[in-house]
Amino acid sequence: MVGQGKLLEVQDLQKNYGKQDNVTKALNGVSFDILPGEFLGIMGPSGSGKTTLLNCIATIIKPTSGRVLLNGKNISAFDSKDLAEYRGSRIGYLFQDFALLDNLTGEENILLPLSIHGMDFAKARAKLDDLSSFFEITDILNKFPSQMSGGQKQRVAAARSLITDPDIVLADEPTGALDTRSARILMNKLEGINHESGRTILMVSHDPNATSFCSRILFIQDGVIFHELRRKHDESRANYYDRILQLMAQLGGGSANVL
Ligand SMILES: Nc1ncnc2c1ncn2[C@@H]1O[C@H](COP(=O)(O)OP(=O)(O)OP(=O)(O)O)[C@@H](O)[C@H]1O
């Protein structure tokens, strides 16, 4: 049966920007699957197609060709109702720059996806309490984003991405705007969400510190996936991190900073 056991299937995805004599092939035939409960990382240098890939999956942009299936269903064949449901509650999105609304409090930002799609107040409250406690943001829920640190903003954004119980969280460089300590706290939390609730996460990043929390990493360059690294059973994060650095050094001709 098509799609059995796979949460997300990306099949031969191509995305061209521009026209005729000035085409950028941002994605040039990308295919991979994500199993339920995976924490998948996508690494690649600037301009390799990471955000384009995530945005095709999120239906923010339309691929030139290829398909994305969620639970065996082709998302580009969704009618407007299914598409609204997919965007609003089947996927959660975590952005590098948080994308919180400045004129809403932390609590209002977190509840926003539910208020748009209609919510059961008691259930929403219980979910908000759980997520706030998990992300240690209970005492800043009444603050506005301008009154929060970068790390707090991103943990509020992470809670917002999970409030609808999405099938998958799409994270685009979620540690990109954070200092080392805040980045580590956030990644520990995302790992916790993945391990404890089995939440599936797809994260793009060029930071090996961040991707060393992933169970599997795909490497992309010039719109093509060309390598895969898996964290071994019981492998320490430090060891996995070293293997990522080694691979980056090999791939980048000796520099670990190229990705
Ligand atoms: N709207 C657009 N119009 C034209 N070209 C674009 C557009 N968006 C992205 N590109 C090009 O597509 C390629 C892939 O871009 P993309 O943003 O997906 O890369 P990325 O890996 O996310 O990069 P970064 O790590 O710098 O964010 C790049 O060459 C980029 O210049």
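The following refers to the structure shown. What you see is a predicted model; the values in this text were computed from it and never measured.

## Remarks on the overall build of the protein
In terms of regular secondary structure, the protein is built from 8 helices and 10 strands. Scaling as 2.2 N^0.38, a compact globule of 259 residues should have a C-alpha radius of gyration of about 18 Å, and the protein matches this with 18 Å. A principal-axis box enclosing the C-alpha atoms of the protein has dimensions of 50 × 45 × 40 Å. Counting all 259 residues of the protein, 47% fall into the buried class. Contacts spanning at least 24 positions in sequence make up 70% of the contacts within the protein whose residues lie at least 6 apart. For the protein, the computed accessible surface area is about 12,500 Å², with 48% contributed by carbon and sulfur atoms. Across the protein, the centroid of the 28 positively charged side chains sits 2 Å from that of the 30 negatively charged ones.

## A few points about the sheet that holds strand E4 (residues 65–70)
Strands sit in the order E2-E1-E4-E5 across an open sheet of 4 strands; the sheet is antiparallel. The sheet is open, and its two edges are formed by strand E2 (24–34) and strand E5 (73–74), each paired on a single side. Sheet analysis places strand E1 (residues 8–17) next to E2, joined by 8 bridges and oriented antiparallel. Bridging across to E2, Leu13 finds its partner in Val30.

## Considering the nonpolar core
Nonpolar side chains in soluble globular proteins tend to end up buried together. Of all hydrophobic cores here, the largest spans 42 residues; its most connected members are Phe39, Ile110, Phe135, Ile137, Met203 and Ile217. Apart from the residues lying within four places of it in its own chain, the contact partners of Ile110 are Leu128, Ile137, Leu141, Val156, Ala159, Arg160 and Ile163.

## Examining the sheet that holds strand E6 (residues 91–94)
Ordered in space as E6-E7-E8-E3-E9-E10, the 6 strands form an open sheet in which the pairing is mixed. Edge positions in the sheet fall to E6 and strand E10 (224–230), since each of these pairs with one other strand and no more. For this sheet the average axis-to-axis angle between neighbouring strands, irrespective of direction, equals 20°. As paired elements, strand E3 (residues 39–43) and strand E8 (residues 200–204) share 4 bridges and run parallel to each other.

## Description of the side chain of Glu235
Along the chain, Glu235 turns up in the loop between E10 and helix H8 (237–251). Given the relative accessible area of 9%, Glu235 is considered buried. Polar side-chain contacts of Glu235 include one of 2.8 Å to the side chain of Asn239. Glu235 has contacts with Arg230, Tyr240 and Arg243, leaving out every residue within four places of it along the chain.

## Some thoughts on the pattern of salt bridges
Under the counting rule described, the total for this entry stands at 13 salt bridges. Its salt-bridge partner being Lys6, residue Asp33 comes within 3.3 Å of it at the nearest N-O pair. You can see Asp33 sitting in strand E2 and its partner Lys6 sitting in the segment before E1, a full 27 residues away along the chain. Note on Asp33: relative accessible area 29%, which makes it partly exposed. By relative accessible area, Lys6 is classed as partly exposed at 30%. When the shortest N-O distance is used, the salt bridge between Arg90 and Asp167 registers 2.9 Å. With Arg90 in helix H2 (residues 80–90) and Asp167 in the loop between helix H5 (150–162) and strand E7 (168–172), this pair connects stretches of sequence that are 77 residues apart. For Asp167, a relative accessible area of 23% gives the class partly exposed.

## What to know about the site of the ligand
As a structural note, the neighbourhood of the ligand is formed by Tyr17, Thr24, Ala26, Pro45, Ser46, Gly47, Ser48, Gly49, Lys50, Thr51 and Thr52. Backbone polar atom of Gly49 to an oxygen atom of the ligand: 3.1 Å apart, as the coordinates give it. Contact distances for the ligand include 2.8 Å between an oxygen atom and a backbone N or O atom of Thr51. In the complex, the protein chains occlude 57% of the 630 Å² of accessible area that the ligand would expose alone. Counting only elements with at least two residues in the shell around the ligand, the list comes to E2 and helix H1 (50–57). The dominant element in the shell around the ligand, judged by the number of residues it contributes, is H1, at 3 residues. Here the shell around the ligand is composed, by residue class, of 3 nonpolar, 7 polar and 1 charged.

Criteria and cut-off values
Residues numbered from 1 in each chain as written. Predicted model: local features only at pLDDT ≥ 70, side-chain atom pairs only at ≥ 80, totals over all residues. Heavy atoms only, no water. Helix = DSSP H or I, 4+ residues; strand = E, 2+ residues; numbered from the N terminus. Rg over C-alpha atoms; globule rule 2.2 N^0.38 Å. Buried < 20%, exposed > 50% of the residue type's maximum accessible area, 1.4 Å probe, protein only. Contact = heavy atoms within 4.5 Å. Areas by Shrake-Rupley, 256 points an atom, 1.4 Å probe, with all protein chains shown as cover. Lys, Arg positive; Asp, Glu negative; His and termini not counted. Charge placed at Lys NZ, Arg CZ, Asp CG, Glu CD. Pairing = 2+ DSSP bridges. Core = buried A, V, L, I, M, F, W, Y, C linked by side-chain atoms within 4.5 Å. Axes fitted to C-alpha atoms, helices over the stretch in contact; angles between N-to-C directions. Polar contact = N/O pair within 3.5 Å; in protein donor to acceptor, adjacent residues only side chain to side chain. Salt bridge = Lys/Arg side-chain N within 4 Å of Asp/Glu carboxyl O. Near = heavy atom within 4 Å. Nonpolar A, V, L, I, M, F, W, Y, C, P; charged D, E, K, R; others polar.

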